[in-house]
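Inside the fold
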Amino acid sequence: MTSLSIVGFVGLSTALLAISTFGILTRRNFILLLISIEIGMNAAILDFLYFAAFPTGSHYFDGLQGQSIAIVLIGLAATEVAVGLAIVLALNRLKGSINVAEASSLRE
Amino acid sequence: MNFWVSLDQWAFLVPLLPALAFVIIGALGERLSKLEHGGWLAVLFSAGSMVLGFLIAIGEMLGPGTYVDVRYTWFSIPPSSTGFRDGFSLVMGTLVDPISALMLIVVTLVGFVVMLYSIGYMHRDTGLPRYYAILSLFLTAMLGVVLADNLLMFFLFWELVGVCSYFLIGFYYAKPSAASAAKEAFIVTRVGDVLFLAGIFIYFAMYASADPSWAASGFLFTKGNAAFLPLGQGVNPTLLTIAGIFLLAGAAGKSAQFPLDAWLPDAMEGPTTVSALIHAATMVAAGVYLLVIGSLFLGFTSTDQLAIVAVGGFTTIWAASMACVHTDIKRVIAYSTVSQLGYMVLAVGAGFAMVGLFHLYTHAMFKALLFLAAGSVIHAVTTQDLFKMGGLRKKMRYTAFAFLAGAFALSGIPPFGGFWSKDDILSSVYSQLGTHPEYWPFYLMALATVFLTAYYIFRVYFLAFEGPSSREPGLSEHAHESPWVMRVPMLVLAGMAIVAGLLVFIPPFATLFNPTLTSPAFPVALPLNVPPSYPLVDIELSALSVALAVGGILVAWWLWGNGRLASMPRSAPARWMRETLLQRYYVKAAYDWIGGVGVYSIARASDFVDRFVIDGTVRGFERSFAGISQRMRKIQTGVVSDYAAYVITGLIAVFVIVLFVAPWLVSRLGGG
């Protein structure tokens with residue numbers, strides 16, 4: 001345990017965030033967009049867990065607080081996906097497609 | 001005696017009664033068709049006002065020289081070191097003193113008879129509730145001017161009088177000439193009123209520092225039986241002169257004195273009754289009343305006096321000369337009014353305020369009479385052109401008698417009212433010529449005007465009433481005498497025109513011409529000259545002015561007598577002069593030129609600045625914003641990924657600013 005450095009973990013979540021951002025910016029399929037958002041969300045959750053596992057004594061989310069927040073965030077992500085999937089269904093019924101580029105009627 | 005003094009407490013009812021009539025007729029007029037659309041109500045309320053006014057005046061005659069000031073403080077401002085040292089209050093009050101008692105008699109009597117006359121004269125018109133309501137409001141305002149006990153209240157009612165005049169001149173508002181005459185009257189008097197207001201400010205500033213209690217008590221005219229102010233003592237004489245000139249400007253606007261005189265003849269577009277009440281007897285006399293008040297309570301310097309004398313003296317002959325050629329019966333009488341007001345201004349300027357007031361009083365009677373008689377003629381023949389009339393004496397005996405009485409009074413034939421007052425003015429001014437030789441030209445103008453006056457008014461009489469029949473066929477055949485509601489007022493005023501001058505020889509009545517102010521600084525200790533006293537020189541002067549008047553009548557008879565028309569040969573050298581007079585000395589043309597060329601080019605320059613500089617700036621901003629917006633709207637694609645990209649870009653920008661730019665700036669600028 002002691003040989004592990006936090007840098008690799010933070011690097012992992014940074015990579016996840018980058019993948020997520022790339023997905024958000026390039027995908028047009030709503031489901032893939034939702035998945036990208038979830039990946040970004042999980043990058044944040046992982047961050048909380050690293051900092052809980054490597055207590056510095058000065059960080060606010062050291063120890064249990066960090067783990068608790070991670071649990072809350074998982075719940076939040078689930079809720080968000082539920083809402084997102086509801087929007088997907090509504091969009092499909094309205095436009096007959098789940099391409100987000102089609103949902104541009106707010107522009108007018 | 002106690003009864004009479006307690007009566008003065010109720011003086012506020014005199015203006016309040018017509019105000020009630022205004023409210024009732026204004027609200028219910030259309031439903032009062034049985035009462036002549038409120039006309040009889042107006043008569044009733046003005047009669048009540050007249051009875052009370054006469055009772056107050058009688059009380060003033062019995063208790064001579066009392067100054068009863070009943071006042072109600074509207075609001076007051078406490079003393080302050082930066083503003084008025086002793087505070088400031090706005091007061092509404094009634095001041096019953098000899099001169100306001102005299103004015104009460106004049107205004108309420110003429111007001112009542114004109115209201116009565118209107119019942120007959122206006123019967124065929126529409127819009128009667130408006131007419132009677134505004135005429136009642138005018139009476140209120142005029143009585144407010146007369147009874148005001150302080151300068152601010154005086155100005156308030158003074159403006160109200162002007163508004164009523166505007167409404168009544170424009171009574172036939174559908175007629176373009178009437179609408180424009182109303183505007184002209186309002187705007188020209190406004191020029192005077194603005195200057196008057198400036199004068200009031202100067203008086204306030206001057207006297208409020210000389211005597212701080214003046215502002216605290218509400219700019220009152222009097223304190224007990226004395227003028228409130230130290231009359232020019234302790235103030236800068238230059239400032240006092242300027243304030244006096246401004247006061248003269250206000251009076252000249254209201255009383256149609258040169259050079260603000262052109263509106264009064266045009267004001268004849270209103271009903272004749274309005275001309276009789278407002279533009280002959282009362283409102284136009286308010287300017288003279290203002291000068292009287294100014295000389296009694298505010299103080300004039302000798303420069304002011306010379307200016308007043310000059311304006312008054314010049315106006316007499318200026319207006320009288322134009323009266324000699326015009327053919328509209330009402331316009332001739334209107335020019336005559338301007339000319340007679342000039343006499344009053346002349347007298348006040350020479351220091352004889354009471355003599356001016358004397359002529360105001362007799363003039364109100366005989367000039368209202370002349371207008372009512374002219375109205376009766378117009379009512380009968382439905383034209384105002386003298387050259388079409390003629391031979392009306394046989395058909396309208398009462399009217400002819402009334403007009404003749406007014407004409408004799410105006411010409412100054414003894415013992416008619418006008419003789420005593422006009423003669424009094426001439427001899428009073430003459431008595432000042434020794435110490436003020438600069439009055440000479442204006443005295444001579446006034447003297448020459450006596451001849452012109454007699455000439456033009458008898459020209460009207462001969463043209464309208466004498467001769468076998470009318471020059472336009474059929475006019476005199478269909479003419480008939482007016483109903484009793486029009487005859488009675490004419491007879492009342494004819495009686496007054498005959499005896500008004502004699503009344504001042506009755507001692508109690510003469511006390512109304514004695515202001516009995518105990519102020520030690522009474523401007524110039526001149527004799528009051530009312531009633532006129534006759535040392536030898538005055539009798540010679542009277543003989544001269546009567547001879548001039550008789551001469552005028554004879555010339556009028558020679559030219560126009562027995563209904564003949566005197567036509568000037570085409571080659572006569574005086575022809576250009578007649579044209580000048582008919583064109584009113586081209587003053588109207590000058591007005592039009594000033595309006596058309598002067599004001600219009602200023603307006604066009606302003607229009608240019610407004611449209612191209614101000615609007616251009618605004619429109620430039622608008623256009624550049626619109627252009628930017630047109631370009632900006634392209635980024636609104638509606639695609640959610642694009643918005644996500646903007647959000648992420650913004651987020652990265654915030655990080656860059658917070659983490660790199662801000663610390664760099666802080667280190668550069670050395671902040672905390």
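Quick notes on the rules
- Numbering of residues begins from 1 in every chain and follows the order in which that chain's sequence is written.
- A letter from A marks each chain and a number from 1 marks each ligand, given out in the order of writing.
- Totals for whole chains, interfaces and linings use all residues, but because this is a predicted model, local features are given only for residues with pLDDT of at least 70 and pairs of side-chain atoms are given and counted only at 80 or more.
- Note on conventions: DSSP H or I runs of at least 4 residues are helices, E runs of at least 2 residues are strands, and numbering of each starts at the N terminus.
- As a rule, residues whose C-beta atom has 12 or fewer other C-beta atoms within 10 Å are exposed, those with 20 or more are buried, and those in between are partly exposed; C-beta atoms are placed from the backbone.
- Throughout, a pair of residues is in contact if the C-beta atoms placed from their backbones lie within 7 Å.
- One fewer than the residue count of a helix, multiplied by 1.5 Å, yields its expected span.
- Polar here means any residue outside two lists: the nonpolar Ala, Val, Leu, Ile, Met, Phe, Trp, Tyr, Cys and Pro, and the charged Asp, Glu, Lys and Arg; Gly therefore counts as polar.
- Nonpolar cores are identified as sets of buried Ala, Val, Leu, Ile, Met, Phe, Trp, Tyr and Cys residues joined via C-beta atoms within 7 Å.
- What pLDDT expresses is the predictor's confidence in each residue, scored from 0 to 100.
- Between any two strands, pairing holds if DSSP finds at least two bridges.
- Axes here mean lines fitted to C-alpha atoms, for a helix over just the part in contact, with angles spanning 0 to 180 degrees between N-to-C directions.
- Oblique is the label for any angle not under 35 degrees, not over 145, and not in the 65 to 115 range, which are roughly parallel, roughly antiparallel and roughly perpendicular in turn.

**With respect to the overall build of chain B**
Looking only at helices and strands, chain B features 25 helices and 4 strands. Projecting the C-alpha coordinates of chain B onto the three principal axes gives extents of approximately 110 × 65 × 55 Å. Residues counted as buried form 51% of the 672 residues belonging to chain B. Counting contacts in chain B only where the partners sit at least 6 residues apart, residues at least 24 apart contribute 83% of the total.

**Description of the overall build of chain A**
Secondary structure summary: chain A contains 3 helices and 0 strands in total. Counted from the first residue to the last, chain A has its helices and strands arranged as α-α-α. In chain A, which comprises 108 residues, the share counted as buried stands at 12%. When contacts within chain A are restricted to residue pairs at least 6 apart in sequence, those whose partners lie at least 24 apart make up 43%.

**A word on helix α18 (residues 440-465) of chain B**
Residue and element names in this part refer to chain B. The first and last C-alpha atoms of α18 sit 38 Å apart over 26 residues, in line with the 38 Å expected at 1.5 Å per residue. Where burial is concerned, most of α18 is hidden: 21 out of the 26 residues are buried. A positive phi of about 95° marks G467, the residue just after α18.

**Quick word on the interface of chain B and chain A**
At the junction of the two partners, chain B supplies 9 residues and chain A supplies 11 residues. In terms of residue class, the side of chain B that touches chain A is made up of 5 nonpolar, 4 polar and no charged.

**A closer look at the nonpolar core**
Counting residues in each nonpolar core, the largest one holds 224 residues, and the members touching the most others are F138, V288, A368, L369, L493 and A497 of chain B. Ignoring anything within four residues of it in the chain, the contact list for L369 of chain B reads A402, A405, G406, M490, L493, A494 and A497 of chain B. Membership of the second largest hydrophobic core comes to 5 residues, among which are I24, F30, L33 and V100 of chain A.

**So, the environment of I648 of chain B**
Residues and elements named next belong to chain B. The residue I648 is located in helix α25 (residues 640-669) in this model. By the C-beta count within 10 Å, which is 13 here, I648 ends up partly exposed. Along the backbone, I648 and L447 are 201 residues apart, and their C-alpha atoms lie at a distance of 99 Å.

**Focus on the confidence of the model for chain B**
Residue and element names in this part refer to chain B. Here chain B averages 86 in pLDDT, while 96% of its residues score no lower than 70. Counting contacts from residues 520-524, a segment whose pLDDT is below 50, to residues more than four positions away or on other chains yields 10 contacts. The ipTM assigned to the predicted complex is 0.81, against a pTM of 0.77.

**Some points on the pairing of strand β2 (residues 88-96) of chain B**
Residues and elements named next belong to chain B. With 7 of 9 residues buried, β2 is to be regarded as a mostly interior element. As judged from the 9 bridges shared by strand β1 (residues 68-77) and β2, these two strands associate in the antiparallel manner. Bridged to D69 within β2 is L95.

**Let's talk about unusual backbone geometry**
Residues and elements named next belong to chain B. Note the cis peptide between F258 and P259, where omega equals 0°. Along the chain, P414 connects to P415 via a cis peptide bond; the corresponding omega equals 5°. Within the secondary structure, P415 is located in the loop between α16 (397-411) and α17 (417-432). The phi dihedral of T382 falls on the positive side, at around 50°, and the residue is not glycine. By the element assignment, T382 lies in the loop between α15 (353-381) and α16.

**Re the packing of helix α2 (residues 30-53) of chain A against helix α3 (residues 64-95) of chain A**
Residues and elements named next belong to chain A. Between α2 and α3, whose axes approach to 9 Å, the crossing angle comes to 175°. In terms of orientation, α2 lies roughly antiparallel with respect to α3. Contact residues: α2 offers F30, I31, L34, E38, M41, A44, I45, F48, L49, F51 and A52, while α3 offers G66, Q67, I69, A70, L73, I74, A77, V81, G84, V88 and L91. Among the residues making up the contact of α2 with α3, the classes are represented as 18 nonpolar, 3 polar and 1 charged.

**Remarks on helix α13 (residues 302-323) of chain B**
Between the first and last C-alpha of α13 of chain B there are 32 Å, a value that for 22 residues agrees with the 32 Å anticipated at 1.5 Å per step. Within α13 of chain B, 17 of the 22 residues are buried, which leaves the element mostly enclosed by the surrounding structure.

**Remarks on the environment of L12 of chain A**
Looking at where L12 of chain A falls in the secondary structure, it is placed in helix α1 (residues 6-26). Taking the number of C-beta atoms within 10 Å as the measure of exposure, L12 of chain A has 14 and is therefore partly exposed.

**Brief notes about the environment of I635 of chain B**
Residues and elements named next belong to chain B. Of note, I635 is situated in the loop between α24 (587-632) and α25. C-beta crowding within 10 Å serves as the criterion here: with 9 such atoms nearby, I635 is assigned to the exposed category. Sequence separation between I635 and F157 is 478 residues; the distance between their C-alpha atoms is 66 Å.

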